[in-house]
Each structure stands twice: as C-alpha cells, then as structure tokens.
Amino acid sequence: MIVGLVTIFILVNFADKVVVGLAGVELMRDLDITPAQFGLVQSSFYWLFAIGSIGGGLLIGRVPAKWLLSGTAALWALAMLPMLWSESFAVLIASRMMLGLAEGPATAMALAVVHSWFTADKRTIPTSIVTAGAGIGPLLAAPLLTTVIVNHSWHAAFGALVLVGALWLPLWMAFGRWGDADSEPVARIAAGSEERIPAMKLLTNRTLIGVAVLMFAMYSSAAIKLSWLPVYFRQGLGYDAASAGRFVALTYLAVAVMVLVTGWVSRVMTKRGVQYRLSRGVFPASLVVAAGVSTLVFAQLGRGLPNLLLIIVGASLASASAGVAMSAVSDVVPQSQRGSVMGALVAFYSMAGVFAPLVLGAIVGGAETPMAGYRSGFGLLGLVVIAGGVLGGLLIDPVRDRPGRVAPGDVGPLFARSTD
C-alpha cells in the first residue's frame with residue numbers, strides 16, 4: 001500500500017513537471033515568447049528547487065509521514081492553480097518557481113518513507129518501483145494532457161493535474177505512515193538515539209560524491225527531455241501535437257519498464273553475492289554512459305525510426321540508473337541522516353535542471369535553424385552525460401565507504417544473503 005501510494009505521489013510529481021513541455025508550442029504562441037524565454041521558463045522550475053529540497057529534507061523523520069507528503073502535494077496544487085486562468089509570462093515564471101520549491105524534496109521524502117519499510121538487502125526493487133513513477137507520470141500524462149491541450153486548452157491541462165493531486169490527498173491521509181524496518185522507530189531516531197556521521201565526513205564520502213555526479217549527469221538528460229523533448233518533436237522534427245504526445249509517452253513507457261528491470265537485475269546481483277561496487281556503482285554508471293552515447297548519435301539524425309529508437313533508449317537507460325544508484329545512499333548513511341543527505345543530493349543534482357534547459361534554449365534560439373540548434377544542444381548533452389557516468393562509476397563503492405568498515409577485505413552484514 002505504501003509503495004503504491006508513494007509511487008502515485010512521484011507519478012503526479014513528474015506529470016506536473018512535463019506539462020509545460022507538452023504545451024510548449026502553444027505557450028510560446030499565446031504568450032509570444034522566444035525559445036530562449038521558454039528555456040528560462042523551464043529553468044525557473046529549478047531556481048528554488050534546491051532550497052525546497054534541503055528544507056524539506058530537514059523535515060524528514062521529524063514530521064509524521066502522513067502530513068509530510070500530503071502537505072507537499074497540497075502545495076503543488078496551489079502553485080499550479082493560477083495557470084487555470086492566467087496568460088502572463090511573469091505569472092508562469094512565478095508558478096513554476098513555487099512548484100519547484102514545493103517539489104524539491106519530493107524524491108527524498110518518497111525514498112525515505114519507502115526505505116523505512118525495507119531492510120537494506122530488500123530496498124532496490126521498491127526503490128525502483130517508486131522511481132518508475134518518474135516514467136509512468138509522463139507516460140500517462142503525455143497523451144492525456146496533449147488531448148486536453150488540443151481539444152480544450154493548456155489551461156485545462158493544468159486544471160486536470162490539480163484535480164488528480166486533490167484525489168490522492170485523502171488516500172495518503174488515511175494510510176501514510178513511517179515504517180520501522182531498521183528496528184529504530186522514527187520518533188527515537190529524531191530524538192538522536194542513533195549514532196551520527198559528521199557532516200564533513202559525509203561530504204568527503206566517495207560513494208556519496210559518486211552518486212551526486214552520476215545523478216547530475218542523469219538529471220541533465222531528464223531535465224532536457226522533460227522540458228524540451230515534446231517541443232523538439234514538433235518544432236525540430238515537424239511532428240504534429242498528437243504524434244509528439246504519443247512519442248513522449250513511448251519514451252516514458254520505456255523509462256518505467258527499464259527502471260523496474262534494472263532494479264530487479266541489481267537485486268539478483270546482490271542475492272548472488274555480486275559486490276555492491278558492481279551492482280550499485282558500475283552497473284548504473286554503465287547505463288548512464290550508454291545513454292550519453294545514444295544521445296550523441298540521435299542528435300545527428302533526422303526524423304525517422306532510428307532517431308526515435310535512440311531517444312527512447314537514451315531516456316530509459318539514464319533514468320533507470322537513478323533507483324539503483326540512490327539505493328547506495330542508504331548503504332552508507334545512517335537512517336537518522338538519510339533525509340537530510342538525500343535532500344542535499346537532490347539539491348545538488350537539481351542544478352542540472354537550472355542550466356540544461358537554459359543552455360539548450362540559448363543554443364536553439366541562436367542557431368540558423370531550430371534543427372541545427374537541437375543537434376548542437378543534444379550533442380553537448382551527450383558529452384556531459386558520458387563524463388558523469390564514467391566518473392560516478394569510478395567513485396561509487398558502498399562497502400569501502402560504509403560506516404564502521406573493519407578491514408579492506410571485510411564484507412560484513414551488507415552482503416548477508418536474504419532468505420525471501
């Protein structure tokens with residue numbers, strides 16, 4: 001029940017993110033804005049994202065889960081409410097800023113709640129299920145919201161998202177709560193009964209640095225595709241709105257499936273005694289590198305099946321790495337500090353969302369043709385993703401960096417085989 005409700009929470013979260021991209025052509029037309037200004041709109045979502053992530057992360061473990069997630073979701077609806085009637089560029093910017101502030105801590109909150117229900121050796125699959133909500137949200141939203149936009153207006157699309165969020169709230173209020181899989185109730189953890197790792201030691205933990213770098217590379221890809229992919233299909237490749245919506249949906253279908261598959265693969269690797277360095281580090285890093293190569297190649301292709309397949313492959317592989325890589329955080333950070341650490345990680349990699357849409361908007365706006373701009377912009381993105389994947393894979397090693405490691409050859413309880 002908890003995993004299902006938290007997955008819907010993330011699903012709504014990512015549907016909220018993708019709506020501006022789906023309505024991008026109509027927004028640029030109705031608000032009379034340039035590609036560079038549209039990039040500014042998409043970037044504005046992340047201006048307060050880090051502040052929200054850190055602030056929300058501090059509440060994890062201190063506020064009952066029921067109020068933590070329901071209050072966050074209510075803020076999302078309030079942030080989008082003005083878009084039901086406004087056609088002001090300034091109001092759109094303000095709405096996206098406030099939504100970003102409210103959505104900043106969503107991933108950290110969701111993972112902290114889910115991780116509290118599962119022991120370390122069983123977290124990968126539920127983490128991947130929740131992370132799959134990032135793909136399922138746009139998968140469902142793309143065709144449905146595109147239909148609403150085409151047949152009604154982009155205002156109605158925002159209204160639909162507000163309604164969905166309002167329907168989720170009473171369900172979470174009824175069933176949401178913390179688990180105690182670590183045999184340490186959250187109330188006692190908040191009171192400080194668990195040993196804490198000094199902040200400087202966390203900042204220099206190579207596994208956490210590796211996860212941060214890997215997630216920055218992944219989020220560079222995700223932010224570009226959330227904000228620009230529907231516009232690229234229509235403005236760059238010349239597809240109509242309905243086709244663009246279907247192609248975006250296909251992309252996120254692949255994301256949802258691949259996230260679950262990679263979570264299962266990582267789980268099988270762990271059960272068979274494969275080192276965590278491989279299952280939590282090298283494995284997700286290789287997915288990110290492959291996604292970067294795919295992005296480099298599709299950027300140079302024109303409209304057609306190879307282009308579409310490579311877009312789908314690149315998006316799904318990059319996003320699939322997130323659930324596996326983030327599982328490494330709980331391997332090296334005590335439960336009492338996971339909320340703040342995850343919040344800080346989200347704050348860091350969300351900076352990719354600030355810069356990536358802005359850079360692509362500037363490149364497209366300054367190019368001779370939109371397609372030339374997209375080729376240059378996506379090519380640069382591919383290089384960034386490859387570099388982040390390589391560096392992240394070299395750094396992540398949960399056994400080496402976990403608290404209380406006794407000796408270099410020690411494998412300890414982290415590798416204990418489960419009996420499920």
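Before any of the text, the structure's been laid out above.
What comes next is a walk through the structure. Here the structure is a predicted model, which is why all the values come from computation and not from measurement.

So, the packing of helix α1 (residues 2-22) against helix α5 (residues 65-80)
Packed helix pairs are specified by the crossing angle of their axes together with the interaxial distance, meaning the distance between the axes.
Here is step 1 of the chain: Their axes nearest at 12 Å, the elements α1 and α5 cross at an angle of 20°. As judged from the angle between their axes, α1 and α5 are roughly parallel. Considering only the axes of α1 and α5, their crossing is left-handed. In this structure, α1 uses V6, F9, V12, N13 and D16 to contact α5, whose residues at the interface are L69, T72, A73, W76 and M80.

Focus: the environment of L394
Here is step 1 of the chain: Structurally, L394 is set in helix α18 (residues 370-395).
Here is step 2 of the chain: Residue L394 is classed as exposed on the basis of its relative accessible area of 56%.
Here is step 3 of the chain: Here the alpha-carbon distance between L394 and R206, two residues 188 residues apart in the chain, equals 9.3 Å.

Digging into the side chain of S43
Here is step 1 of the chain: For S43, the location among the structural elements is in helix α3 (residues 35-44).
Here is step 2 of the chain: Every residue in contact with S43, bar those within four places of it in the chain, is listed here: G353, V354, P357 and L358.

What about helix α15 (residues 305-332)?
Here is step 1 of the chain: With 28 residues, α15 ought to run about 40 Å at 1.5 Å a step, and its terminal C-alpha atoms sit 43 Å apart, in line with that.
Here is step 2 of the chain: Along α15, 23 of the 28 residues are buried, which leaves the element largely enclosed by surrounding structure.

A short note on the environment of G210
Here is step 1 of the chain: With respect to the element layout, G210 can be found in helix α12 (residues 206-236).
Here is step 2 of the chain: Residue classification places G210 among the buried positions, given a relative accessible area of 0%.
Here is step 3 of the chain: If we ignore the near neighbours within four places in the chain, the residues touching G210 are G392, L395 and I396.

Focus on the packing of aromatic side chains
Here is step 1 of the chain: Tallied over the full model, the rule gives 21 aromatic pairs.
Here is step 2 of the chain: On the numbers, 5.1 Å between centres and 85° between planes, the contact of F38 with W228 is edge-to-face. Linking F38 in helix α3 with W228 in helix α12, this pair joins segments that are 190 residues apart in sequence.
Here is step 3 of the chain: Residue classification places W228 among the buried positions, given a relative accessible area of 0%.
Here is step 4 of the chain: Their ring planes at 40° and their centres at 6.0 Å tell us that Y232 and F233 sit as a pair that is tilted.
Here is step 5 of the chain: Geometry around F14 places K17 over its ring, the cationic atom sitting 4.3 Å from the centre.
Here is step 6 of the chain: Directly above the ring of Y239 sits R303, whose terminal nitrogen or CZ lies 4.1 Å from the centroid.

Rules used throughout
Residues numbered from 1 in each chain as written. Predicted model: local features only at pLDDT ≥ 70, side-chain atom pairs only at ≥ 80, totals over all residues. Heavy atoms only, no water. Axes fitted to C-alpha atoms, helices over the stretch in contact; angles between N-to-C directions. Helix = DSSP H or I, 4+ residues; strand = E, 2+ residues; numbered from the N terminus. Parallel < 35°, antiparallel > 145°, perpendicular 65-115°, else oblique. Left-handed = near helix turned anticlockwise from the far one by under 90°. Contact = heavy atoms within 4.5 Å. Buried < 20%, exposed > 50% of the residue type's maximum accessible area, 1.4 Å probe, protein only. Expected span 1.5 Å × (residues − 1). Phe/Tyr/Trp six-rings, centres within 6.5 Å; stacked < 30°, edge-to-face > 60°. Lys NZ or Arg CZ within 6 Å of the ring centre and 35° of its normal.

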